[in-house]
Amino acid sequence: MTTPTGVQIHLDAGGVRAQISQVGASLRHLVVDGTTVVPPYPDDRPAPSCAGVVLVPWPNRIRDGVWIDGDETRALAITEPKLRNAIHGLLRYTAYEIAERSDTTVLLRADVVPQIGYPYLLETSVRYTLTPDGVSVEHTITNRSESAAPVALGTHPFLTISGADPRTLLLQVPAETFFETDDRLLPIGESPVSGGTDLRTPRRLGDLQLDTGFATLRRDHDGLVRSTLAAPDGRTVTLWQGEDLDFLQAYTSTGFPGQELVVALEPMSAPAEAFNSGRGLRRIAPAETWSVEWGVTFAG
């Protein structure tokens, strides 16, 4: 390992190129037909704001790291000290094994081992495959424990459209509800979208400040949820979510390296605090395997 994010895996299908980092199995850069749609960051830096990282066995936050597991109260390490939360799972800083690799696809694997606050053994993998217009991603989790394991999964890609003023990009998210949060960014209620949270009609990215979880996502006829970022010249980036990815976190940032403004659209199988609320939480039986898929496409 010679960089903070480990081995850099470069995929190339001609008009589509991607960079995947070994640490966190993160989608670090994506270019389609000469347009950057996932912005890069310097190779000598760790992933800023969890950029592109796989979030497992939970995305987002758990209050005080404490959760109830049947008859047991468990306490996870506090990985967001400022807000006193356990955030973004247990593999964020793990160097995944590169199990398979070709010019256009890579399979990475990592285990979640039993530890303080999470006594379960999981085999996980993520496969990135270039498509003619972007990338598709498949995650799998297999429970190797002797009892059912609670799991949720998410990922944290940042999106942009190079050559366009990011303030003029139009963001559309087909969500009917959002999660109200307290000063620790933990959910305290769920409400119909309105005002700055209603993205069913496209809104200028420059007019938004988001660190917002969305639910009640509308699926298209093919069963996919599609959120879009569109430039004034008609170029469009779409993030799609497959079955079981029923939630989305949207996060705008003015601090991403080299970017005036950028947005993370984070597909998730469960929202913040799912280990306590049970919302979207899945319990995988021993030897059971669960898979989810998402991807990014570009048109223009």
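Note: the structure precedes this text.
One structure accompanies this document, and this report is about it.

Scoring rules and cut-offs
Residue positions are given per chain, counted from 1 along the sequence in the order it is written. pLDDT decides what is reported in this predicted model: residues at 70 or higher carry local features, side-chain atom pairs at 80 or more are listed and counted, and totals for whole chains, interfaces and linings draw on all residues regardless. With hydrogens and water excluded, all non-hydrogen atoms of the structure serve as input to the side-chain values. Under the scheme used here, helices are H or I runs from DSSP no shorter than 4 residues and strands are E runs no shorter than 2 residues, and both carry numbers assigned from the N terminus. Only C-alpha atoms enter the radius of gyration, while the globule expectation follows 2.2 Å times N to the 0.38, with N the number of residues. Residue contacts are counted whenever heavy atoms from the two residues lie within 4.5 Å of one another. By convention in these notes, a salt bridge is any Lys or Arg side-chain nitrogen within 4 Å of a carboxyl oxygen on Asp or Glu. Under the scheme applied here, a residue whose accessible area is under 20% of the maximum for its type counts as buried, over 50% as exposed, and between as partly exposed, the area being computed with a 1.4 Å probe on protein chains only. Here a cavity denotes a set of grid points, spaced 1 Å apart and computed over the protein atoms alone, in which a 1.4 Å probe fits but from which it cannot get out, and a pocket denotes an open set meeting protein on both sides within 12 Å along at least five of seven lines; residues with an atom within 4 Å of a point are reported as lining. Grid points are joined across faces, edges and corners, and a volume is the space filled by probe spheres set on the points. Here the term charged refers only to Asp, Glu, Lys and Arg, the term nonpolar to Ala, Val, Leu, Ile, Met, Phe, Trp, Tyr, Cys and Pro, and the term polar to all other amino acids, Gly among them. In plain words, nonpolar cores are sets of buried Ala, Val, Leu, Ile, Met, Phe, Trp, Tyr and Cys residues tied together by side-chain atoms within 4.5 Å. Between any two strands, at least two bridges found by DSSP are needed for them to pair. Helix axes are fitted only over the stretch in contact, all axes being lines through C-alpha atoms; the angle between N-to-C directions runs from 0 to 180 degrees. Note on aromatic pairs: the rings of Phe, Tyr and Trp (six-membered ring only in Trp) are paired at centre separations within 6.5 Å, and the planes decide the class, stacked below 30 degrees, edge-to-face beyond 60, tilted for the rest.

**Description of the overall build of the chain**
Part 1: The helix and strand inventory of the chain stands at one helix and 27 strands.
Part 2: Relative to the globule expectation of 19 Å for 300 residues, the C-alpha radius of gyration of the chain, 18 Å, shows essentially globular dimensions.
Part 3: Its C-alpha atoms give the chain principal-axis dimensions of about 55 × 45 × 40 Å.
Part 4: Taking contacts inside the chain between residues at least 6 apart in sequence as the whole, the part at least 24 apart equals 64%.

**Considerations on the environment of Thr-228**
Part 1: Looking at where Thr-228 falls in the secondary structure, it is placed in strand 22 (residues 225-230).
Part 2: The sequence separation of Thr-228 and Asp-211 amounts to 17 residues, and the corresponding C-alpha distance is 17 Å.
Part 3: Beyond its immediate sequence surroundings of up to four residues, Thr-228 is in contact with Leu-170, Leu-171, Gln-172, Thr-236, Val-237 and Thr-238.

**Regarding the pattern of salt bridges**
Between side chains of opposite charge, a pair can form as their charged atoms come close.
Part 1: In total, this model carries 20 salt bridges according to the counting rule given.
Part 2: Among the ionic pairs, Glu-123 bridges to Arg-144, the shortest N-O distance being 3.1 Å. Highlighted residues: Glu-123 in strand 12 (residues 122-131) and Arg-144 in the loop between strand 13 (134-143) and strand 14 (149-151), separated in sequence by 21 residues.
Part 3: Here Glu-123 falls in the partly exposed class, since its relative accessible area comes to 36%.
Part 4: Between Asp-207 and Arg-204 there is a salt bridge, and its shortest N-O distance comes to 3.3 Å.
Part 5: A residue is classified by how much of its surface remains accessible, and Arg-204, at 36% relative accessible area, is partly exposed.

**Here's the deal with unusual backbone geometry**
Part 1: Note that the residue after Val-56, namely Pro-57, is joined by a cis bond; omega there is 5°.
Part 2: Along the chain, Pro-57 turns up in the loop between strand 5 (54-55) and strand 6 (61-63).
Part 3: Residues other than glycine seldom take positive phi values, yet Ala-25 does so here, at roughly 50°.
Part 4: Note on placement: Ala-25 falls in the loop between strand 2 (16-21) and strand 3 (26-32).
Part 5: According to the relative accessible area criterion, Ala-25 is buried, its value standing at 0%.
Part 6: Positive phi values are uncommon outside glycine, yet Asp-244 reaches one of about 80°.
Part 7: Positionally, Asp-244 belongs in the loop between strand 23 (236-241) and strand 24 (247-253).
Part 8: Given a relative accessible area of 24%, Asp-244 falls into the partly exposed group.

**Notes on the layout of surface pockets**
Part 1: Estimated volume of the largest pocket: approximately 240 Å³.
Part 2: Around the largest pocket sit 14 residues that line it, and Arg-61, Ile-87, His-88, His-156 and Asp-211 are the ones nearest its centre.
Part 3: Tallied by class, the residues present in the lining of the largest pocket amount to four nonpolar, five polar and five charged.
Part 4: Its boundaries defined by the atoms lining it, the second largest pocket holds a volume of some 190 Å³.
Part 5: Ala-77, Thr-79, Gly-89, Leu-90 and Gln-115 are, among the 14 residues lining the second largest pocket, the residues nearest its centre.

**Observations concerning the nonpolar core**
Part 1: Counting 69 residues, the largest nonpolar core has Tyr-118, Tyr-128 and Leu-171 as the members making the most contacts within it.
Part 2: Sort the elements by how many residues they give to this core and strand 27 (residues 289-299) lands first, with five residues.
Part 3: Excluding residues that lie within four positions of it along the chain, Tyr-118 makes contacts with Pro-57, Trp-67, Leu-76, Leu-90, Val-112, Val-113, Ala-149, Pro-150, Val-151 and Phe-275.

**Digging into the side chain of Thr-35**
Part 1: Examined against the element boundaries, Thr-35 turns out to sit in strand 4 (residues 35-38).
Part 2: Given a relative accessible area of 7%, Thr-35 falls into the buried group.
Part 3: Not counting residues up to four positions away in its chain, the partners in contact with Thr-35 are Leu-30, Ile-161, Ser-162, Arg-235 and Phe-298.

**Remarks on the sheet that holds strand 1 (residues 8-12)**
The pairing of strands in a sheet happens through backbone hydrogen bonds and is either parallel or antiparallel.
Part 1: Overall, antiparallel pairing links the four strands, which are arranged 1-2-3-4 in an open sheet. Strands at the two margins of the open sheet, each flanked by one partner only, are strand 1 and strand 4. On average, each strand axis in the sheet is tilted by 20° relative to the strand beside it, whichever way the strands run.
Part 2: Sheet topology places strand 2 next to strand 3; six bridges connect them, and they run antiparallel.

**Observations regarding the packing of aromatic side chains**
Part 1: The full count for this structure, using the stated rule, is nine aromatic pairs.
Part 2: Relative to Tyr-251, the ring of Phe-158 has its centre 6.2 Å away and its plane inclined at 70°; by these criteria the two rings are edge-to-face. Taken together, the residues Phe-158 in strand 16 (residues 158-159) and Tyr-251 in strand 24 connect sequence positions 93 residues apart.
Part 3: The class for Phe-158 is buried, based on a relative accessible area of 2%.
Part 4: We classify Tyr-251 as partly exposed; its relative accessible area is 22%.
Part 5: By the ring-pair criterion, three or more aromatic residues cluster together here, those being Trp-58, Trp-67, Tyr-118, Tyr-120 and Phe-275.

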